[in-house]
Amino acid sequence: MSGSSGTITIKCKDMRVIQFDIPGMEQCLNIAHSIEILSCLDNVCKMYPFFYKPTDSNLPKQWGLSTPETHYSKMKDLHKKWRLSSVNRDYSVCPSYPPAVIVPSSIGDDVLIKAAKFRQGGRFPVLCYYHRKNGMVIVRSSQPLTGANRKRCSEDELLLQAVIEGSDKGYIIDMRSSQQAQQAWMTGGGFESKSCYERWKRLHRHMERGKVLQESLIKLVEACSDESHNMDRWLSKLENSKWLSHVQTALSTAGLLAECVERDGHSALVHGYEGTDCSLLISTLAQLIVDPSCRSLEGFLALLEREWLQGGHPFQQRCAHSAFSHARLQQESPVFLLLLDSVWQLWRQFPLALGFSEVLLLRLATEAYASDYGTFLCNNDQERCAAGVKDRTHCLFQSLLKPTERDYYSNPLYEPTELAIWPSVHPQSLQLWKGFFLRWTEQARLLEEVQEEIRNMVIKWGKLALS
Amino acid sequence: MASPVSVYSNTRDPQIRTTARDSLKMDLLANVSLLPGEERIIDKDVIYICPFNGAVKGKVLITNYRLYFNSVDLDVLVSLDVPLGAISRVEKMGGASSRGENSYGLDITCKDMRNLRFALKQEGHSRRDLFELLFRYAFPLSHGSPLFAYLNQEKFPENGWSIYKPVEEFRRQGLPNNKWRITFINKNYELCDTYPTVLAVPFKSTEEDLKRVATFRSRGRIPVLSWIHRENKAVIVRCSQPLVGMSGKRNKDDERYLDLIREANDTTKLTIYDARPSVNAVANKATGGGYEGDEYQNAELVFLDIQNIHVMRESLKKLKDIVYPTVEESHWLSSLESTHWLEHIKLVLSGAIQVADKVSGGHSVVVHCSDGWDRTAQLTSLAMLMLDSHFRTLRGLQVLIEKEWISFGHKFASRIGHGDKNHTDQDRSPIFVQFIDCVWQMTKQFPTAFEFNENLLLTILDHLYSCRFGTFLYNCESARDQNEVRTKTLSLWSLVNSKMEIYLNPFYTPESGRVLYPVASMRHLELWVTYYIRWNPRIQHQQQSPVEQRYRELLALRDEYLKKLEQLQMSDSSSTSSDLANSSAPNASSSTPPKKYLRTPL
């Protein structure tokens, strides 16, 4: 075998492509084999976060930034009409919900249990945002299991009725076209019909998800990593990947949801099919638009924790392989990346309104796919508890907020505003997130350095102004 | 009411307008602050057909400088303030008999990426006076009247005309030296009527040589030095195409002259960048032009594939079509691609990068296109911006524009058509806009390398058309001398330098030695949305002002920081040295010089 050699090309989840020339074919094959196995572990407990030991920290008592309980207890305005229910304390009502959820005070746990049976995956409507200005709320769920024979569920109707108690109507933002929503009958799903949910007005906004999103990402990454110098079709390729139009849909749907609550003054329910992907995407973006407290560094991380981790986005299934996987993975889908991209667009359009930096978004985009920390492991709270994630791994969000790290992830230009930040969703206002998609080019590195420089400058001046 | 009472006289005759509503209208117009020297010509009730808000009732005021419109309805606050210089075409739309609401009026095409449409009452030729006056004042040169720049009575504390003094700029570059001399051979514009009076040429060339070379270069635009590298002495030389023609003429003097340029810094090979696509260069032989062939020993010729003024004009026209009045939404990116605007930007930038790279590698270059006043100016000035950090300062950019564009005869008058009614003139082309776009692309890629901000670039482009200043008037220095531009008009730089703080980039960190190579790949170029689509209210309202406000605060902070630093340095140099050793060092070392620099004009 002497004299022979092999080449290993590693296409990373963070879009980097690395090539190794390894002398000795057998050696090379062995290494490739090891990498292949180690990069596709099935058993969560064997993943790296369980072995990672940061030099400077012990496991803190509480894992994560907050719990549904503390979140609820802080929101005093809410307490009159909303209560914290622990109906899901053993995850039996809804496996993908946290043990405690916020529901209308007038609704008992027995009603919740029945309503959960009428919602896909048990994801009955729960509160995710309370708008202090007018007391309106955003509620999210999965689709109702109406089915071909048009089942009804009086408990579910009651629950939704209680959500808009005292108001003349509410909006349902269904992230499927009305045709898709009707087709869902055939597979046991469905939508809230006008006759059963009289005071709810349904708005359909079709959002792509799952495989379509994944393919879009693959096309985009292909276009970005096209090494050929013939770049004259770049803009067409970018357009054909449709990634930016997904960003546009996400932001405009979130804008619509925010409008319902902020401008129209009504509560809204948001769902699509399972309620674990686009619903979270839209509710998160809408909260960033209307709620100033979500825009600080802590506020944003806490929002992600509530909506995406406790809210049960299946990270393990969605963020397993990123854009380069050759296997056609049914569950892989870059919804979280789409969120981060949409947030980046907000950040670019409102450079002063968000308290965190682009570096944070880049870090999150990397960590969601491969991490030293346990934060993005597993698919929901239940699985995380079962695997002992909270006892045996470190929490990313806590580490990002350490005094030594904070500055790095903060936006030095941050000037909190109480106003809603309405993003422009016109195609010419949206841009490719170069910092992420072209991050391994020389230019992106230079820009990163410059941003770093600007940050240092501003921090330095700020300190001086205080002194 | 029907009679156009106030057409030619001063329009302040309020006796016929008595209702409260009308007086409100008058107030609206009375609030218009006119420039010294600006005079009201006519005002009139019109309906502005706003592409974003629909028909808006209001009043239009024409002065000898601008078109001003204010809406009557307080619900829809629409106002327009358009320098007449920005107007390229005024047309009547609809006839006295045309039907349909608001179908009778005026259609105005502007040079700055927008159109305006006003509707008037159909009775009594109501638009005639407005049309005629607008036509006369928007195109004064076509009517034998002076441009507004000659009527402008503004006063500024700074005098922008002193910003660029050729000899001082050459001195800054270290010239003359033992290889390059300054010649005044063109002091009466006899060698070349489109060149400036002061030129830098190879030391060894005689005045006779220059005259002979001039016969072989299109319009006598001989190769002259634009910039010299301080260390390696490589130079950027600019000129027009050689007059080779169909028969393949040669000129020994021209060949020897180019070799003198090469010799001046002992390069083995002189690189000649011909900005044109090679087919065009060949085609130029038919009209007596051409390019340097093999007879030029020790020289290599590189074509940079940049298209001509007509292609650029059409490209920008296409861009306007997809952004105004409504932005093409459904296939935005592919529509943008089909305008080829960014592709042209890419070619110009990458050409300049090649020039800069050659020169920083120690090799002298010659740059030309056909006449050497469009693409050549783009390439030399952009390469100089990459190579020389001085040009990245607020005043440096002014010098660069004065030098490479204005003094070397970029035909602003022909390209822009100041005060000229002939809107279809084939000589018009947005070459300078394209250059400013390239500068903007560079500022995007190097956010800390430029002392000026986007606002300066926007201001420059606004006054490229406005005719308020003499800066961009006329095609060349000889014409400017003849028309006494420097004594009878104001310089744009007077305005800018009297209010510098609004044009400064708070994040500017001077780095004198660094060559900037922007990435000219399509992936890294962006459409300059805040210029090309700025009339669209959606783009306007993207929170620009708070950012600017914040930037101003940051500038104040920075100044405070620099002041304290200065104090520290003065009070105790030893105790601060440790602090200055780390990251603050580049800031500190460069903080004082540029400030002094700013106060002493060259």
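Residues numbered from 1 in each chain as written. Chains lettered and ligands numbered in written order. Predicted model: local features only at pLDDT ≥ 70, side-chain atom pairs only at ≥ 80, totals over all residues. Heavy atoms only, no water.

- Per an unreviewed UniProt entry, chain B goes by the name Myotubularin and belongs to Oryzias latipes.

## Considering the overall build of chain B
Part 1 of the reasoning: Tallying secondary structure elements over chain B gives 22 helices and 14 strands in all.
Part 2 of the reasoning: Buried positions account for 59% of the 602 residues belonging to chain B.
Part 3 of the reasoning: Relative to all contacts within chain B whose residues are 6 or more apart in sequence, the contacts with residues 24 or more apart total 71%.
Part 4 of the reasoning: Accessible surface, chain B as shown: approximately 24300 Å² in total, 50% of it carbon and sulfur. (Helix = DSSP H or I, 4+ residues; strand = E, 2+ residues; numbered from the N terminus. Buried < 20%, exposed > 50% of the residue type's maximum accessible area, 1.4 Å probe, protein only. Contact = heavy atoms within 4.5 Å. Areas by Shrake-Rupley, 256 points an atom, 1.4 Å probe, with all protein chains shown as cover.)

## Here's the deal with the state of the cysteines
Part 1 of the reasoning: Under the definition given, this model contains zero disulfides over all chains.
Part 2 of the reasoning: Free cysteine: A:Cys224, not disulfide-bonded; nearest cysteine sulfur from A:Cys12 at 16 Å.
Part 3 of the reasoning: B:Cys467 takes part in no disulfide bond, and the closest cysteine sulfur to it belongs to B:Cys110, at a distance of 13 Å.
Part 4 of the reasoning: Taking relative accessible area as the criterion, B:Cys467 reaches 5% and is therefore assigned buried. (Disulfide = S-S within 2.5 Å.)

## Topic: the domain arrangement of chain B
Part 1 of the reasoning: Split into domains, chain B comes out as domain 1 (8-138), domain 2 (160-544) and domain 3 (549-597).
Part 2 of the reasoning: Computed over C-alpha atoms only, the centres of domain 2 of chain B and domain 3 of chain B are separated by 35 Å. (Domains from an automatic or database assignment.)

## Remarks on the sheet that holds strand S11 (residues 235-239) of chain B
Residues and elements named next belong to chain B.
Part 1 of the reasoning: The five strands are arranged S10-S11-S14-S12-S13 in an open sheet whose pairing can be described as mixed. Of all strands in the sheet, those bounded by a partner on one side alone are strand S10 (224-228) and strand S13 (299-303). Pairwise comparison of adjacent strand axes, ignoring direction, gives a mean angle of 25 degrees for this sheet.
Part 2 of the reasoning: Across four bridges, S11 lies against strand S14 (residues 365-368) in parallel orientation. For Ile 236, the partnering residue across the bridge sits in S14 and is Val 365.
Part 3 of the reasoning: On top of the sheet, helix H5 (residues 252-264) reaches S11, strand S12 (270-274) and S14; it is set at about 120 degrees to S12, its chief contact. (Pairing = 2+ DSSP bridges. Axes fitted to C-alpha atoms, helices over the stretch in contact; angles between N-to-C directions.)

## Quick look at the environment of A:His271
Residue and element names in this part refer to chain A.
Part 1 of the reasoning: Inspection of the secondary structure assignment puts His 271 in strand S9 (residues 267-271).
Part 2 of the reasoning: For the pair formed by His 271 and Phe 336, sequence separation is 65 residues and the distance between their alpha carbons is 16 Å.
Part 3 of the reasoning: The residues contacting His 271, other than those within four sequence positions of it, are Arg 119, Ser 141, Ser 142, Gln 143, Pro 144, Ile 172, Ile 173, Asp 174, Met 175, Arg 176, Glu 192 and Ser 279.

## What about the side chain of A:Asp291?
All names here are of chain A.
Part 1 of the reasoning: Its place among the elements puts Asp 291 in the loop between helix H9 (278-290) and helix H10 (297-310).
Part 2 of the reasoning: We note that Asp 291 is buried and unpaired, the nearest opposite charge coming from Arg 132 at a distance of 5.1 Å.
Part 3 of the reasoning: Of the polar contacts made by the side chain of Asp 291, one reaches the side chain of Ser 293; its length is 2.9 Å. (Lys, Arg positive; Asp, Glu negative; His and termini not counted. Salt bridge = Lys/Arg side-chain N within 4 Å of Asp/Glu carboxyl O. Polar contact = N/O pair within 3.5 Å; in protein donor to acceptor, adjacent residues only side chain to side chain.)

## Some remarks on the pairing of strand S8 (residues 180-183) of chain B
Residue and element names in this part refer to chain B.
Part 1 of the reasoning: Every second residue of S8 is oriented toward a common face, with Trp 180 and Ile 182 on one face and Arg 181 and Thr 183 on the other, all of them buried.
Part 2 of the reasoning: Bridge count between S8 and strand S9 (residues 199-202): four bridges; the pairing is antiparallel. Note that in S9 the partner of Trp 180 across the bridge is Pro 202.

## Observations concerning the UniProt feature "domain: Tyrosine specific protein phosphatases" (unreviewed entry) in chain B
Part 1 of the reasoning: Under the UniProt annotation, the feature "domain: Tyrosine specific protein phosphatases" (unreviewed entry) is placed at residues 339-400 of chain B.
Part 2 of the reasoning: Between the end C-alpha atoms of residues 339-400 of chain B there is a gap of 29 Å, over a span that is 66% helix and 6% strand. (UniProt positions renumbered as here; feature names shortened; annotations may be inferred.)

## Some thoughts on the nonpolar core
Part 1 of the reasoning: Counting residues in each nonpolar core, the largest one holds 224 residues, and the members touching the most others are A:Leu364, A:Phe437, B:Leu382, B:Ile401, B:Phe432 and B:Tyr532.
Part 2 of the reasoning: With 11 residues, the single largest contributor to this core is helix H8 (residues 243-262) of chain A.
Part 3 of the reasoning: Shared between two domains, this core takes at least three residues from each, and those domains are domain 1 (8-138) and domain 2 (160-544) of chain B.
Part 4 of the reasoning: For B:Tyr532, the residues in contact, after removing those within four places along its chain, are B:Met113, B:Leu316, B:Leu319, B:Val323, B:Trp341, B:Val433, B:Asp437 and B:Leu527.
Part 5 of the reasoning: Judged by nonpolar contacts, the second largest core, of 33 residues, contains B:Ala200, B:Val224, B:Val235 and B:Leu270. (Core = buried A, V, L, I, M, F, W, Y, C linked by side-chain atoms within 4.5 Å.)

## Some points on the environment of A:Trp347
All names here are of chain A.
Part 1 of the reasoning: Its place among the elements puts Trp 347 in helix H12 (residues 335-349).
Part 2 of the reasoning: Trp 347 sits in the buried class, given a relative accessible area of 15%.
Part 3 of the reasoning: As for Trp 347 and Arg 295, which are separated by 52 residues in sequence, their C-alpha atoms are 9.8 Å apart.
Part 4 of the reasoning: Residues within four places of Trp 347 in sequence aside, it is in contact with Leu 354, Phe 356, Ser 357, Glu 358 and Asn 411.
Part 5 of the reasoning: From its side chain, Trp 347 meets the backbone oxygen of Phe 356 in a polar contact 3.0 Å long.

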